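What follows is the residue order along each chain.
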Amino acid sequence: MTSVPTVAPVPPVLDLTRLTRRYGSLTAVDDVSLRLPVGARHAVIGPNGAGKTTLLNLIAGTDRPDHGTIVLSGTDVTRKATARRSRLGIARSFQQPTVIPELTVLDNVVLAGWPHHPKRRGAWRSPSRLRSHTESAFRHLTTVGLADIAHRTASTLSHGQRRMLDLAAALAGEPRLLLLDEPAAGLTDGDIGRLLGILGGLPASVAIILVEHHVEVVAQLASTVTVLAAGRVLVTGPTQEALAHPEVRDVYHTGTKADMSPAPADQRG
Ligand code: ATP
């Protein structure tokens, strides 16, 4: 009898179990469990103060839970420092782009990728290693459409270009999980279209968690959604089902404007 080789199951890219974060008497994230497969395109939405940014902070490690666990691709990272999580594959792009204005566009990405590069040691003494860093950075700038202005100083970029640079810097670590905090905030319609094209074109090896108020961005990018309200999971599931859920419609004003800010009290059902 021939034995059939067993294939080890691929662990979820992210497995949150009963995550809770309290600030005094306020529970910002309340007993949140979430399991995302490799390559997930997941959005976390909810009204202001629902706990979305706190949840991203807990995953990235800039904040610590009072309770619960965070497992990244089978490794428990709950107690690991932010830098360690970053080397294990978590990257983050912020509402306010975190670029270094005095450096060139290219140097910003080289610097962001440096701690992750397998040939980082002694790179400054080795032209071939430095070239390999620079080539990686150019690849990411090409992905976000900034390769043509790689040698410009970052301070000369528009807000939209800074956001793309921040995204290239996040990609420089070759992440398995990319956390995006309101990537469309402050962008023009043209920039939002470009952003959607870029994020939609990322390989399936990069899972995305997106916190976003623009419903079109959520609908176009995310295949699944978690809706938070007062720190708790209201609904989680396929995007269209979650957005259409009666409780979600109660929480949001989803009129003609593509905006998921909470409705003024007099507009709620
Ligand atoms: P928004 O859409 O407005 O960004 P959010 O869903 O991201 O909101 P959070 O920023 O996670 O919400 O905040 C959740 C709750 O926790 C809010 O009531 C907020 O005031 C509170 N909070 C967040 N950080 C802290 C902190 N460091 N100390 C005390 N309270 C905090």
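You'll find the structure just up there.
Parameters at a glance
Residue positions are given per chain, counted from 1 along the sequence in the order it is written. Residues qualify for local features only when their pLDDT is at least 70, as the model is predicted, and side-chain atom pairs are given and counted only at 80 or more; totals for whole chains, interfaces and linings, by contrast, use all residues. Each side-chain value is worked out from all heavy atoms of the structure, with water and hydrogens disregarded. Between any two strands, at least two bridges found by DSSP are needed for them to pair. Numbering of helices and strands starts at the N terminus; helices are DSSP runs of H or I of at least 4 residues and strands are runs of E of at least 2. Contact between two residues is taken to exist if any of their heavy atoms lie within 4.5 Å; hydrogens are not considered. All axes are obtained by fitting lines to C-alpha atoms, using only the stretch in contact for helices, and the reported angles, taken between N-to-C directions, cover 0 to 180 degrees. For every residue, the accessible area (1.4 Å probe, protein chains only) is compared with the maximum for its type, and the residue is labelled buried under 20%, exposed over 50%, or partly exposed between those bounds. Whenever a nitrogen or oxygen atom comes within 3.5 Å of another N or O atom, the pair is scored as a polar contact, on the condition that within protein one atom can donate a hydrogen and the other can accept it, and that pairs from neighbouring residues in sequence are kept only if both atoms are in side chains.

**Q** Describe the pairing of strand 2 (residues 26–36), and please don't skip the residues or the numbers.
**A** A regular strand carries its side chains on alternate faces of the sheet. By the bridge criterion, seven bridges tie strand 1 (residues 14–23) to strand 2 in an arrangement that is antiparallel. Among the inter-strand pairings, Arg 21 is bridged to a residue of strand 2, identified as Val 29. Hairpin connection from strand 1 to strand 2: two residues lie between these consecutive antiparallel strands, with Gly 24 at a positive phi of about 60 degrees.

**Q** Explain the sheet that holds strand 1 to me, and be specific about the residues and the numbers.
**A** Spatial ordering of the open sheet is given by 2-1-4-5, a layout of four strands whose pairing is antiparallel. Among the strands making up the open sheet, the edge pair consists of strand 2 and strand 5 (75–76). Strand contacts of helix 1 (residues 52–60): strand 1, strand 2 and strand 4 (67–72), with the helix running at about 120 degrees to strand 1, the strand carrying the most contacts.

**Q** Give a description of the sheet that holds strand 8 (residues 207–211) that names residues and reports values.
**A** The sheet built from six strands is open, its strands ordered 6-7-8-3-9-10 with mixed pairing. The strands lining the two open edges of the sheet, one partner per strand, are strand 6 (90–93) and strand 10 (232–238). Taking each pair of neighbouring strands and ignoring which way they run, the sheet shows an average axis angle of 15 degrees. Two strands pair when backbone bridges link them, and strand 3 (residues 41–45) and strand 8 are joined in this way by four bridges, in the parallel orientation.

**Q** Tell me about helix 1, and name the residues and values.
**A** For helix 1, the buried fraction is high: eight of the nine residues fall into the buried class. Three or more residues of helix 1 are buried, namely Lys 52, Thr 54, Leu 55, Leu 56, Asn 57, Leu 58, Ile 59 and Ala 60. Just downstream of helix 1 lies Gly 61, where phi reads positive at about 100 degrees.

**Q** Describe unusual backbone geometry, with residues and values.
**A** Residues other than glycine seldom take positive phi values, yet Asp 31 does so here, at roughly 65 degrees. Relative to the elements of secondary structure, Asp 31 occurs in strand 2. In this model, Glu 182 sits at a positive phi of 50 degrees, which is unusual for a non-glycine residue. Take Glu 182: its relative accessible area is 14%, and that puts it in the buried class.

**Q** Go over the side chain of Thr 226, please, and point to the residues and values.
**A** Position of Thr 226 relative to the elements: it lies in strand 9 (residues 224–229). Separated by 2.7 Å, the side chains of Thr 226 and Thr 236 make a polar contact. Leaving out residues up to four positions away in the same chain, Thr 226 has contacts with Leu 34, His 42, Ala 43, Val 44, Ile 45, Val 233, Val 235 and Thr 236.

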